[in-house]
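So the chains spell out like this:
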Amino acid sequence: MRSREIVLKLVGVCTTAKLLTQLHSLIIRTGLNHDIQIAAKLTELYIELLPVQTARKVFDEIPQPSGYTCNRILQRFCGIKRYGEVLSLFSSMFSFEKPDHFTLLFVLKACSALNALNFGRLIHGFGIKHGNIHSNMFLGSALIEFYSKCGDMDDALRVFEEYTKPDLVLWTTLVTGYEQSFKPDEALAVFTGMMMTHGVSPDPVTLVTVVSACTQLLNLKAGKSVHGLVIRMNNESPLPVSNALLNLYAKTGSIEYAGNLFRMMEEKDVISWSCIISCCAHNGATDRAISLFDEMIHKGVEPNSVSVISALQASEACCNLEKGRQIHELAFQKGLELDILVSTALIDMYMSCCSPKEAIMVFDRMLNKDDVSWFSLLCGCVQNGMFYKSMQIFCDMMASDIQPDATVMVKTLVACSELGIIQLTSCLHGYVIRGGFTSNSFVGASLIECYAKCGSLEEADKVFEGLTDKDVVIWSSMFASYGIHGQARESVNLFHRMVTDSTVRPNKVTFLSILAACSHAGLVEEGIEFFNMMLYKYQLMPESKHYAIIVDLLGRTGELDKAMCFINQMQSQVGAHVWGALFGACRIHQNAEIGEAAARNLLQFDPDHAGYYILLSNMYAVDGKWDDAAELRSAIKEKQLKKITGHSVVRL
DNA sequence: CTAGGGTTAG
């Protein structure tokens, strides 16, 4: 009798697994393991202290576990997210122990995680039948969360409405449910109802969810009023709330608000830094994004993959290869390079900074690649003019059993059209059909243009006529195809066929194709006619590229003054290719005066482009302006510019 | 033994 009490006391103070095993063997030797009370205590300890599998074994050996013990083991499994085992355990204990509301709580949690809608409904029904669940807020929120996670907001709302006096947690669970189910409007409506008609004040948890809802809606105005509420409620808002607000400002591109809030925040973590860096990186403040990243590192904040990705995107946007490399080094040291998202951001950065070699090295080092990393690699190679490599990557993708999607097909077709190998195009055409891409108009358009660029207008036309559902993209690609072959008349005729035979409305790209076709064939009048049609009949604002074509068109026939006038009356910003077109025309027609103006404008876009200097100096030379020519030549030397040698390839 | 939550990413 005495030893029993001692054992019980010992069990009470046992805190480690090691002590427990020693104690257990002692208990077995004394035969006290048959004592129900001691066995129960032991089990509880096992459940708490031992690896779950052992705990489970111990539990299974108990002939009559109490409800409390059952709940403890369920709780343990819930804690380590082994939800499948929670459900199977529950099913096995159902025969001997009546579940109480604690049991149901754990099981519902498992059902939510596993999306086990039917199982959860069963639990819900059981709860209704065997107890007054509507007096228990804990069960209520578990049920609301369960239905929300299973995507059944109607039932979630029904549960909520059973409560006559829902507390803040219950309200918040409902708001969160709507927000997580991508119904931010409803989330905000419930929130306003809670505050206005029921007079319940939110706490930080509620506020975070509400701000997330505003972010989903990109509703800056609503978000700002929540911010106002936060300020009125509390002088110093908790970090999660500030971070949520920061994210709202970042996502809505409100760089000013984000900056102000960030500066005001007393406490900051990686998330805060990541938000502000990503905000700057995506809204044109790339240098600031980079300096913020440096500041973060300097302050000893440990970077995570997200902050590294944002900093890489900033380097990418401002083509800062050196900075990109530095961040790469840092990511490598921190072991973040293993993250697929980081590697992919690195590939994008190197590709955009014209260093495909380094991008490929990153790719080759990746342990597991997903379809996005493959796509980044493919895209980058096309961007960098490595068309053979792009085709090779496409083949490697297929060999690695990666299913190409429509965007991959488009990029591959672009690479193929640059290579100009028609047999390859036929192969890809076959794949387009087998892969079921025929209904995708972007793939269709790329295929048409690919055939055209490989020299086969017939094949392009065959594809075009074979498509039953021609949208504006498909039509435009065919106009462009005729244009490539100098058949502007056919292009124009086809345009009229589109307008009369279909309901398709031309867009800016359509006019780009038509104008290019006219320019290519020297159809000056028609080109200007189309330009006016675009402007007046279809009310489409021409962009710099459209102007460039018209300038090119006028330039070809030597109407340089007219072209200059045209540029002067442009509404939109004059892009580099507009000046390029004018400059090219001036070279052909030997107009050094306008040519100089064009070249000076061009150099503003690309100050180090040796080609412009040389062509301009040639123009001076032909005009006999030797001094000007010499001056320019020495400027080139001074800047140490080298002309990049041009080359072209023809494949038969 | 009990409930609702943060953020960034191709």
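Note that the structure is predicted; figures quoted are calculated from it, not measured.

(A) Looking closely at the overall build of chain A. A tally of regular secondary structure across chain A gives 38 helices and 0 strands. Whereas a compact globule of 652 residues would reach a radius of gyration of roughly 26 Å, chain A reaches 35 Å, over 25% beyond that. Dimensions along the principal axes, computed over C-alpha positions, put chain A at roughly 120 × 60 × 55 Å. Carbon together with sulfur atoms contributes 55% to the accessible area of chain A, which is approximately 33600 Å² in total. Charged side chains in chain A number 57 positive and 68 negative. The centres of these two groups are separated by 5 Å.

(B) Just the protein's contact with DNA strand B, in detail. In the region of DNA strand B, 40 residues are neighbours, and Asn 247, Ile 271, Val 306, Leu 341 and Asp 370 sit closest. A distance of 3.3 Å separates a base nitrogen of DNA strand B from a polar atom in the side chain of Ser 141. At a separation of 2.8 Å, a phosphate oxygen of DNA strand B approaches a polar side-chain atom of Lys 251. No other element matches helix H11 (residues 168-180), which puts 6 residues into the surface near DNA strand B. Of the residues belonging to the surface near DNA strand B, the class tally is 17 nonpolar, 14 polar and 9 charged.

(C) Geometry of the layout of surface pockets. Taken as a whole, the largest pocket encloses approximately 460 Å³ of empty space. Asn 33, Ala 39, Thr 43, Ile 62 and Pro 63 are, among the 21 residues lining the largest pocket, the residues nearest its centre. Every element with two or more residues in the lining of the largest pocket is listed here: helix H2 (17-30), helix H3 (36-49), helix H4 (52-61) and helix H5 (67-79). Residue classes in the lining of the largest pocket are distributed as 11 nonpolar, 7 polar and 3 charged.

(D) Main features of the packing of aromatic side chains. According to the stated counting rule, one finds 15 aromatic pairs in the structure shown. Relative to Trp 475, the ring of Phe 464 has its centre 5.2 Å away and its plane inclined at 75°; by these criteria the two rings are edge-to-face. In this pair, Phe 464 is assigned in helix H28 (residues 457-466) and Trp 475 in helix H29 (residues 472-484), connecting sequence segments 11 residues apart. Each member of the pair Phe 464 and Trp 475 is classed as buried. A ring pair is formed by Phe 495 and Phe 530, whose centres lie 5.0 Å apart and whose planes are at 85°; its orientation type is edge-to-face. In this pair, Phe 495 sits in helix H30 (residues 488-501) while Phe 530 sits in helix H32 (residues 524-537), placing the two residues 35 residues apart along the sequence. No difference in accessibility class separates Phe 495 from Phe 530, as the two residues are buried. Of the aromatic side chains, those joined through ring pairs into one cluster are Phe 464, Trp 475, Phe 479, Phe 495, Phe 511, Phe 530 and Tyr 538.

(E) Summary view of the UniProt feature "repeat: PPR" (unreviewed entry) in chain A. Here, the residues flagged by UniProt with the feature "repeat: PPR" (unreviewed entry) are residues 167-202, 269-303, 370-404 and 440-474. Between the C-alpha atoms that bound residues 269-303 there is a distance of 10 Å. The span itself is 74% helix and 0% strand. Its end C-alpha atoms 11 Å apart, residues 370-404 is made of 74% helix and 0% strand.

(F) Spatial organisation of the packing of helix H31 (residues 508-521) against helix H33 (residues 544-556). At a minimum axis separation of 9 Å, H31 and H33 run at an interaxial angle of 15°. When the axes of H31 and H33 are compared, the pair comes out roughly parallel. Handedness of the H31/H33 crossing: left-handed. Of the residues in H33, those in contact with Lys 508, Phe 511, Leu 512, Leu 515, Ala 516, Cys 518, Ser 519 and His 520 of H31 are Lys 545, His 546, Ile 549, Ile 550, Asp 552, Leu 553 and Arg 556. Partitioned by chemical class, the residues of the contact of H31 with H33 number 8 nonpolar, 3 polar and 4 charged.

(G) Quick look at H31. The terminal C-alpha atoms of H31, which comprises 14 residues, lie 20 Å apart, in line with the 20 Å expected from a rise of 1.5 Å per residue. Inspection of H31 places Thr 510, Phe 511, Ser 513, Ile 514, Leu 515, Ala 517, Cys 518 and Ser 519 among the buried residues, and these make up the whole buried set. Between the side-chain oxygen at the start of H31 and the backbone nitrogen of Val 509 there is a gap of 3.0 Å, and the oxygen is on Asn 507. In the stretch just after H31, Gly 522 is the one whose phi turns positive, near 70°.

(H) How the structure looks around the nonpolar core. Within the largest apolar cluster, 195 residues are counted, with the highest numbers of intra-cluster contacts made by Phe 530 and Leu 582. It is helix H15 (residues 239-251) that provides the largest number of residues to this core, a total of 8 residues. Not counting residues within four places of it along the chain, the set of residues in contact with Phe 530 comprises Val 492, Phe 495, Phe 511, Ile 514, Leu 515 and Cys 518. Membership of the second largest hydrophobic core comes to 14 residues, among which are Leu 8, Leu 23, Leu 45 and Tyr 46.

(I) Region of interest: a nonpolar patch on the surface. A surface patch of nonpolar side chains, about 330 Å² in accessible area, is lined by Ile 6, Leu 10, Val 13 and Leu 26. Tallying contributions element by element places helix H1 (residues 2-13) first for the nonpolar patch, with 3 residues. Following the sequence through the fold, Ile 6 ends up in helix H1. You can call Ile 6 partly exposed: its relative accessible area is 44%.

(J) Focus on empty space enclosed by the protein. Counted by the stated rule, this structure contains 2 cavities of 30 Å³ or more. Quantified by volume, the largest cavity comes out at close to 70 Å³. If you trace the largest cavity, you find it lined by Gly 67, Cys 70, Asn 71, Phe 90, Met 93, Phe 94, Glu 97, Lys 98, Pro 99, Asp 100 and Thr 103. Elements supplying a minimum of two residues to the lining of the largest cavity: H5 and helix H6 (83-93). Tallying contributions element by element places H5 first for the lining of the largest cavity, with 3 residues.

Parameters and conventions
Residues numbered from 1 in each chain as written. Chains lettered and ligands numbered in written order. Predicted model: local features only at pLDDT ≥ 70, side-chain atom pairs only at ≥ 80, totals over all residues. Heavy atoms only, no water. Helix = DSSP H or I, 4+ residues; strand = E, 2+ residues; numbered from the N terminus. Rg over C-alpha atoms; globule rule 2.2 N^0.38 Å. Areas by Shrake-Rupley, 256 points an atom, 1.4 Å probe, with all protein chains shown as cover. Lys, Arg positive; Asp, Glu negative; His and termini not counted. Charge placed at Lys NZ, Arg CZ, Asp CG, Glu CD. Near = heavy atom within 4 Å. Polar contact = N/O pair within 3.5 Å; in protein donor to acceptor, adjacent residues only side chain to side chain. Nonpolar A, V, L, I, M, F, W, Y, C, P; charged D, E, K, R; others polar. 1 Å grid on protein atoms, 1.4 Å probe; cavity = no way out; pocket = protein on both sides within 12 Å on 5 of 7 lines; lining within 4 Å. Points joined across faces, edges and corners; volume = space filled by probe spheres on them. Phe/Tyr/Trp six-rings, centres within 6.5 Å; stacked < 30°, edge-to-face > 60°. Buried < 20%, exposed > 50% of the residue type's maximum accessible area, 1.4 Å probe, protein only. UniProt positions renumbered as here; feature names shortened; annotations may be inferred. Axes fitted to C-alpha atoms, helices over the stretch in contact; angles between N-to-C directions. Parallel < 35°, antiparallel > 145°, perpendicular 65-115°, else oblique. Left-handed = near helix turned anticlockwise from the far one by under 90°. Contact = heavy atoms within 4.5 Å. Expected span 1.5 Å × (residues − 1). Core = buried A, V, L, I, M, F, W, Y, C linked by side-chain atoms within 4.5 Å. Patch = residues over 30% accessible without salt bridge, like charges linked within 9 Å, V, L, I, M, F, W, Y side chains within 5 Å. Salt bridge = Lys/Arg side-chain N within 4 Å of Asp/Glu carboxyl O.

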